[in-house]
Amino acid sequence: MTAKKEVSLINFFIFNAKFGPKEGDEHKKILFYFPHSVPLDTKIKQIGLCEAIITFTATFTDHPCESLHTHKTRQLFFQAEPDFWTVMTLGVPSIEKIVEGQTHTDYREEDIQDHVYRAVLQQTYNLYRLFNGTFQSTLTKCDIESLKQRLDHFFSKYLVTLRLNQVDIMTVFNGVQFLPLDKISYLRLQCFINQMEMIFPQIRYSVVLYNNHLVWSGLEQEDMRVLYYYLTASLLPAITEQDFSTAPLVTSAEGSHFGRFVLGPPDLQNEKNLGRISRVHLAGCEQEMEECFLVVYRALGALMCLLIQGDQQLDFDLFQKIDKFVGPQLSAIASDIAELTSRKNPSSTEMQFKYVYFNRMNFAQKTSIHTSNGLTPSVSSDVLRLIADIHNDLNTVTQVEDGETIVKTSNDSWIVGKKSDQREVYIIIHQKNANLIEINEEVKRLCSTHFNNIFFLD
Amino acid sequence: MSAVEADSYYLHLSKNPIRFEPVSSVTSVFFDDSNRQVFTVRSNGAAGIVVKGPDEKSFSSLRLEDRGELISIKFSHDMKILGVQRSARAVDFTNMYANADVNEYSQMCKGKDTKIIGFCWTSFHEIVFVTDHGLEHYQVISDKKTLKLLKTYSIQVNWFIWSCESSVLLVSSGSLGNTLFPFLFKSGTVMKLPKFEVELLNIPRPPQLSLKQRDVVLAKIYDQLYVLVLRHGAATPRGTSPAEVILYQIFNDSNAKKTDILRLNLSGRFAINIVDSLIIVHHQVSKTSLVYDIHTPGELGNGVTYHQPFLSPLPIRPFKLSLPAVPTSSGSEVQEYNCELYSPNWVIFHPNVVLDAKLGCFWYLQLNLESIVYMLTDKCRLIDFLLLRQDSKMVILNVCRNMLIPGRQVSLTVIATVFNKLNRVYSDHLNTANGIAIAMLINSVGSDAIRAEGMSKTPIIDQSDIYTHVLSVFDEYKDSSYKYVVAVMVEYIRSLGIFQIPVQHFLFELIINTLVQHNCFYQLHQFLQYHVVSDSKPLACLLLSLEGSYPPAYQLALDMLKRLSTANDSIIEVLLSKHQLLPAIRFSQSVGMVDHISARKFLEVAKATENQMTFFTVFRFFEQRNVRLRGNAKFHPGEYCDPYVEHFKQLFGADAVLSTS
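As the structure is a computational prediction, the values presented were derived from the model and not from experiment.

As for the overall build of chain B
Okay, so step 1: In terms of helices and strands, chain B carries 18 helices and 35 strands.
Okay, so step 2: Its C-alpha atoms give chain B a radius of gyration of 37 Å, more than 25% over the compact-globule value 26 Å for 661 residues.
Okay, so step 3: Oriented by its inertia axes, the alpha-carbon framework of chain B measures out at about 125 × 70 × 60 Å.
Okay, so step 4: For chain B, with 661 residues in total, the buried portion stands at 50%.
Okay, so step 5: Across chain B, the fraction of contacts at a sequence separation of at least 24, relative to all contacts at a separation of at least 6, is 51%.
Okay, so step 6: Within chain B, one finds 63 positive and 61 negative side-chain charges whose respective centroids are separated by 4 Å.

Some remarks on the overall build of chain A
Okay, so step 1: A tally of regular secondary structure across chain A gives eleven helices and 21 strands.
Okay, so step 2: Its C-alpha atoms give chain A a radius of gyration of 25 Å, near enough to 23 Å, the size a compact globule of 458 residues would have.
Okay, so step 3: In terms of overall dimensions, chain A has C-alpha extents of about 75 × 65 × 45 Å along its principal axes.
Okay, so step 4: Relative to its full complement of 458 residues, chain A shows a buried share of 50%.
Okay, so step 5: Carbon together with sulfur atoms contributes 50% to the accessible area of chain A, which is approximately 22,400 Å² in total.
Okay, so step 6: Side-chain charges in chain A split into 43 positive and 55 negative, and the spacing between the mean points of these groups amounts to 2 Å.

Observations regarding helix 16 (residues 599-608) of chain B
Residues and elements named next belong to chain B.
Okay, so step 1: Within helix 16, burial applies to A599, F602, L603, V605 and A606. Each buried residue of helix 16 sits inside an arc of 160 degrees when the element is viewed along its axis, so together they form one side.
Okay, so step 2: Directly beyond the C-terminal end of helix 16, a positive phi value near 55 degrees is found at E610.

Notes on the pattern of salt bridges
Okay, so step 1: For the structure shown, the criterion picks out 45 salt bridges over all chains.
Okay, so step 2: Note that E244(B) and R231(B) form a salt bridge whose closest N and O atoms lie 3.0 Å from each other. Pair noted here: E244(B) is in strand 24 (residues 244-249) and R231(B) is in strand 21 (residues 224-231), with a separation of 13 residues, a long-range link. Comparing E244(B) with R231(B), the two get one shared label, buried.
Okay, so step 3: Linking K287(B) and E340(B) is a salt bridge whose minimum nitrogen-to-oxygen distance equals 3.7 Å. Linking K287(B) in the loop between strand 27 (278-283) and strand 28 (288-292) with E340(B) in the loop between strand 32 (331-338) and strand 33 (346-349), this pair joins segments that are 53 residues apart in sequence.
Okay, so step 4: Since its relative accessible area comes to 36%, K287(B) is described here as partly exposed.
Okay, so step 5: Through salt bridges with shared partners, a single ionic network connects R108(A), D111(A), D382(A) and R385(A).

Observations regarding the nonpolar core
Okay, so step 1: Counting residues in hydrophobic clusters, the biggest one holds 242 residues, and the most contacted among them are Y117(A), Y230(A), M304(A), F527(B) and F602(B).
Okay, so step 2: Excluding residues that lie within four positions of it along the chain, F602(B) makes contacts with I572(B), L576(B), L581(B), A584(B), I585(B), I597(B), V618(B) and F622(B).
Okay, so step 3: Of all hydrophobic cores here, the second largest spans 22 residues; its members include W159(B), V227(B), I250(B) and V304(B).

Details of the interface of chain A and chain B
Okay, so step 1: The interface of chain A with chain B comprises 41 residues on the first partner and 38 residues on the second.
Okay, so step 2: Carbon and sulfur atoms supply 59% of the area that chain A and chain B bury against each other, a total of about 3,400 Å² over both sides.
Okay, so step 3: Seen at the junction of chain A and chain B, the total is two salt bridges.
Okay, so step 4: On the surface where chain A and chain B come into contact, there are twelve residue pairs in polar contact (both at pLDDT 80 or more).
Okay, so step 5: Taken together, the elements giving at least two residues each to the side of chain A that touches chain B come down to helix 6 (183-199), strand 9 (203-210), strand 10 (213-217) and helix 7 (221-245) of chain A.
Okay, so step 6: The element that contributes the greatest number of residues to the side of chain A that touches chain B is helix 6 of chain A, accounting for eleven residues.
Okay, so step 7: Residue composition of the side of chain A that touches chain B, by class: 20 nonpolar, eleven polar and ten charged.

Observations regarding the sheet that holds strand 8 (residues 81-85) of chain B
Residue and element names in this part refer to chain B.
Okay, so step 1: Spatially, the four strands line up as an open sheet ordered 7-8-9-10, and their pairing is antiparallel. This sheet does not close on itself; its edge strands, each paired only once, are strand 7 (72-75) and strand 10 (105-108). The average undirected angle you get between the axes of adjacent strands in this sheet is 20 degrees.
Okay, so step 2: Where strand 8 meets strand 9 (residues 90-95), five bridges bridge the pair, whose relative direction is antiparallel.

Structural notes on the confidence of the model for chain A
Okay, so step 1: Per-residue confidence for chain A gives a mean pLDDT of 82; residues scoring 70 or more make up 90%.
Okay, so step 2: Note on residues 244-248 of chain A: pLDDT is under 50 here. Beyond four places in sequence and across chains, it has two contacts.

Side note on the sheet that holds strand 26 (residues 270-275) of chain B
All names here are of chain B.
Okay, so step 1: If you trace the three strands from one edge of the open sheet to the other, you get 26-27-28, paired in antiparallel fashion. The sheet is open, and its two edges are formed by strand 26 and strand 28, each paired on a single side. Each adjacent strand pair in this sheet contributes to an overall mean axis angle of 25 degrees, direction not counted.
Okay, so step 2: One ladder, built from six bridges, connects strand 26 with strand 27; its direction is antiparallel. For N273, the partnering residue across the bridge sits in strand 27 and is I280.

Considerations on the confidence of the model for chain B
Residues and elements named next belong to chain B.
Okay, so step 1: For chain B, per-residue confidence averages 85 on the pLDDT scale, and 93% of positions sit at 70 or higher.
Okay, so step 2: Every residue in residues 1-6 is under pLDDT 50, and counting partners more than four places away or in other chains gives four contacts.
Okay, so step 3: The model gives residues 445-455 a pLDDT under 50, and that stretch makes nine contacts with residues more than four places away or in other chains.
Okay, so step 4: Interface scoring of the predicted complex returns ipTM 0.82; its pTM is 0.82.

Some thoughts on the environment of S534(B)
Okay, so step 1: Looking at the element boundaries, S534(B) is found in the loop between helix 11 (521-529) and helix 12 (537-545).
Okay, so step 2: Residue class for S534(B) comes out partly exposed when judged on its relative accessible area of 28%.
Okay, so step 3: Each C-alpha atom of the pair S534(B) and F615(B) lies 38 Å from the other, and the pair is 81 residues apart in sequence.
Okay, so step 4: If we ignore the near neighbours within four places in the chain, the residues touching S534(B) are K183(A), F508(B), L539(B) and M560(B).

A look at the pairing of strand 9 of chain B
Residue and element names in this part refer to chain B.
Okay, so step 1: With respect to burial, strand 9 is a largely interior element, six of its six residues being buried.
Okay, so step 2: In strand 9, alternate side chains face the same way, and those of A90, D92 and T94 on one face and V91, F93 and N95 on the other are all buried.
Okay, so step 3: Remark: four residues form the turn of the hairpin made by strand 8 and strand 9, two consecutive strands paired antiparallel.

Looking at the packing of helix 15 (residues 581-590) of chain B against helix 17 (residues 612-630) of chain B
All names here are of chain B.
Okay, so step 1: Contact pair helix 15 / helix 17: the axes reach a minimum separation of 10 Å and the direction vectors enclose 25 degrees. Comparing the axis directions of helix 15 and helix 17 gives the class roughly parallel. Note that helix 15 runs across helix 17; the crossing there is left-handed. Packed against helix 15, whose contacting residues are L581, L582, I585 and Q589, the element helix 17 presents T614, T617, V618 and F621 at the interface.
Okay, so step 2: Taken together, the residues of the contact of helix 15 with helix 17 sort by class into five nonpolar, three polar and no charged.

Some details on the environment of M196(A)
Residues and elements named next belong to chain A.
Okay, so step 1: Examined against the element boundaries, M196 turns out to sit in helix 6.
Okay, so step 2: Taking the C-alpha atoms as reference, M196 lies 7.6 Å from V326; in sequence the two are 130 residues apart.
Okay, so step 3: Residue contacts for M196: discarding those within four places in its chain leaves I203, S206, M304, L306, F325 and V326.

So, the pairing of strand 20 (residues 413-420) of chain A
All names here are of chain A.
Okay, so step 1: Of all eight residues making up strand 20, eight are buried, and the element is well covered by its neighbours.
Okay, so step 2: Alternating positions in strand 20 separate into two faces, S413, I415, G417 and K419 on one and W414, V416, K418 and S420 on the other, with burial throughout.
Okay, so step 3: Where strand 19 (residues 403-408) lies against strand 20, six bridges are found, and the strand directions are antiparallel. Bridge pairing links T405 to G417 in strand 20.
Okay, so step 4: As paired strands, strand 20 and strand 21 (residues 423-430) are joined by eight bridges and run antiparallel to one another. Each bridged residue has a counterpart across the sheet, and for S420 the counterpart in strand 21 is R423.
Okay, so step 5: In this structure, the hairpin formed by strand 20 and strand 21 is closed by a connection of two residues, where D421 is found at a positive phi of approximately 55 degrees.

Conventions and cut-offs
Residues numbered from 1 in each chain as written. Chains lettered and ligands numbered in written order. Predicted model: local features only at pLDDT ≥ 70, side-chain atom pairs only at ≥ 80, totals over all residues. Heavy atoms only, no water. Helix = DSSP H or I, 4+ residues; strand = E, 2+ residues; numbered from the N terminus. Rg over C-alpha atoms; globule rule 2.2 N^0.38 Å. Buried < 20%, exposed > 50% of the residue type's maximum accessible area, 1.4 Å probe, protein only. Contact = heavy atoms within 4.5 Å. Lys, Arg positive; Asp, Glu negative; His and termini not counted. Charge placed at Lys NZ, Arg CZ, Asp CG, Glu CD. Areas by Shrake-Rupley, 256 points an atom, 1.4 Å probe, with all protein chains shown as cover. Arc of directions from axis to C-beta. Salt bridge = Lys/Arg side-chain N within 4 Å of Asp/Glu carboxyl O. Core = buried A, V, L, I, M, F, W, Y, C linked by side-chain atoms within 4.5 Å. Buried area = accessible area lost by both parts, 1.4 Å probe. Polar contact = N/O pair within 3.5 Å; in protein donor to acceptor, adjacent residues only side chain to side chain. Nonpolar A, V, L, I, M, F, W, Y, C, P; charged D, E, K, R; others polar. Pairing = 2+ DSSP bridges. Axes fitted to C-alpha atoms, helices over the stretch in contact; angles between N-to-C directions. pLDDT = per-residue confidence, 0-100. Parallel < 35°, antiparallel > 145°, perpendicular 65-115°, else oblique. Left-handed = near helix turned anticlockwise from the far one by under 90°.

This is how it looks when you write it as structure tokens:
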């Protein structure tokens, strides 16, 4: 009889050590603490301990402290902004066995990979910053109370949606999947976007996705990465669920098209309701964060994000005009792309092997082990963990420019991790009784057929 | 002439008219519209004949014996034989070339009661007599001073029109004159084309000649032959209905077809000119001209297209004639004379000649494209129009350029349409040019003819034209938003793409530089990712140069070089410049170049890394290559590797060097 316990979130808190330097003021350091129910005294103690560890370790190294391993917990530290620390404590997964009538708990420490969960922490902060701006900017513009409110508002909701047992190498990559598209279709879309941005100068940037794949982004890379994560992990799964339930197709007086606002007025006949429109904060390439409204429009498989100047007063008329212009054209482009992608024979391109690819230069990622919504991987969590380990090894431990690691698992799977310049690929081959030479040959063959148009050293 | 004045007229008379002695009691004037020559004849030629043509070369004067009044006078195309008609029965000829016998010889027409209506030179030393009984086609053998009959056609003739540009003779027959017979003359042969009847509004009883020569024009419009018939409005109880011009297209192998009708919306006296395939209808009463373009879409009905004037009716630009200086008390001064436009003394000749016999002036009617640019505000229509005109290239480029000037910028949709129009013509031209190249390869004989046909007069706007004359506007106007600049360039590249025209690399360079200037590296990255920018070595080098400001450019450049597959040398160079020795060696192995790479270059870089391990590895690698290639680890003296061998010995000792002894 065994009982499995998955990784769990014990607590999550944000503090700034500078806010309560005097004894008795320690509670002022707490900006956010989850769960709320914890007595203040415990909160203060926890934060005090973290602060002590961070300060203590800092005497030995310039590199800030990253994590604290205990038998039953794992604590991760992340300095999001100068002096602002976010800390996450996880419960180590365990298996309870009853051996000779005695309960015995086996903690699987190696199942938690520091760099994967640090990526979670980073992603959490990035998402907060996208919608709220930096901690410091809130402090500068408002006061500490409103920062606390914002943190509470965001994290209380967000933390409960975290699927801590489903994070893997893709979280570390935190990349973007691009849509393969021919030049002419791409240029057509490009020209359409240019026309739109000329007609509606309020639109600062636009982003187009097709079936969770990025086609065009006018944003800076880092901003796009965060927005892509928000769209694919949070917004899109929610609207797809909606789609299958109610929501009829919109037909306007000028003729029918398939466009409608996802974030924006839900009904273009009802000018009272502007719908849900979030403000987003873009880091861009400048020092100041830029505030924009995020309006999302959708037609068939295409999703268009319009980032409208934050100082504008949004009026209903603008939405109607955008709908009129964007709706028909985006519908046409979406159905053309659908036709193009369906024409590509899916059976012939389906690869016989499983792989994960990432290019650090443009954050392009590709995977054949995750479904497009990134939820259910088709390989065991052991394999995924191994990939994350190889990645960590290639990037941080040895820090080689180019390299290769080949690992054979206990159940006859081979995992090959290759790194060339800024690109990484992980290939999983299931082949019984193969030897190292055969696997090496096989990988060479795969690389030369699938990476023939990029500079990828064997 | 002020700019304002220039802008308000779209038609003007040629700047330098050909002046000739006006018609008077002693002088008669003849015009040959085939050679465009004016003959001023004094005393039936005895007192001299002055010939003036379109260029100085064709100016000449000659003298003929007075043998009666002249009816018609025309030079052969090569100006070597002069044909003169003095009677209804014969045409007289004089050889005009050097050392020729100047005595006339003549040719009578066939048949007793036959009367010659007129004659025309059909081709080199070939002539056709049009008589009331038919056609007589002769060859003039000037040396023997005789004519040889080639062919006769028997047909009742009222009048005829000769079109030199298409070598077609149109003959009116029948009691109403509305049965028209076209004949096509082709060096020595005559082809009778299918006859056709012109519809008449009312048929007079008893029948009388109703279709007059002056109401018919034979013209080539957009390289197709048309008969234009001016149909005067019929009198109705409510006044005269407006006149129309009916166009019949003539085909070589099928019946003529009524294709277009021009609605004049006016009545009175009209004359027709053709300028650059546009039909210009002059209206004398209102002193205005109407312009029609049969290429523009009109209203369809019964298989015929009805056209309204392309532009609103306007007069021809006033013409001032400077008269020769007259000595006066205050000295000589140049007098200017305002020519009367649409004067009753005007005679209009085909295709675009206006002749004032009283004034002694002969002009060409010309289009003023610049004014039309201001009159047509719809850019798409304007470009369509200009693309069909001759010598309009610079005008088109200017229109495109002005579309992009900040403050006057037109929408991207219009720019896209305009680019598509330009590139459709450009791509057709490229395809024909390719076709010619192929034809020339297959058959070098007759390629000139094919070329002449392929190189039409339509303006071709190619990529360097757009680059130099249109996109350069952004250099001048720095205040253009870069988004607009990039959008315009992307539109152009897209348009080239749909017509499958390969984009030249200077356009890519321009777009890359614009994006780089505005730090839009991620957008540039996406363009490269989707192969909007085509691979080429110069672009890869440009990307390499951008690495400093955008590190991923390095990867993009290497990818591009890899795809080019002819640039493996460059890849190795790039890797070496980055001290990426082992990757460079591995790459050269993978592309099978390992036996050809220079050991000296590699060792030099290896030494420069100051990494002993790397130097050792590279050195050892080349030693092993030496063994494999020559059976000896020693470097060949020609490889100039001695300093590195010394360096190696210094670092690792002389024993470390491989020896094969």
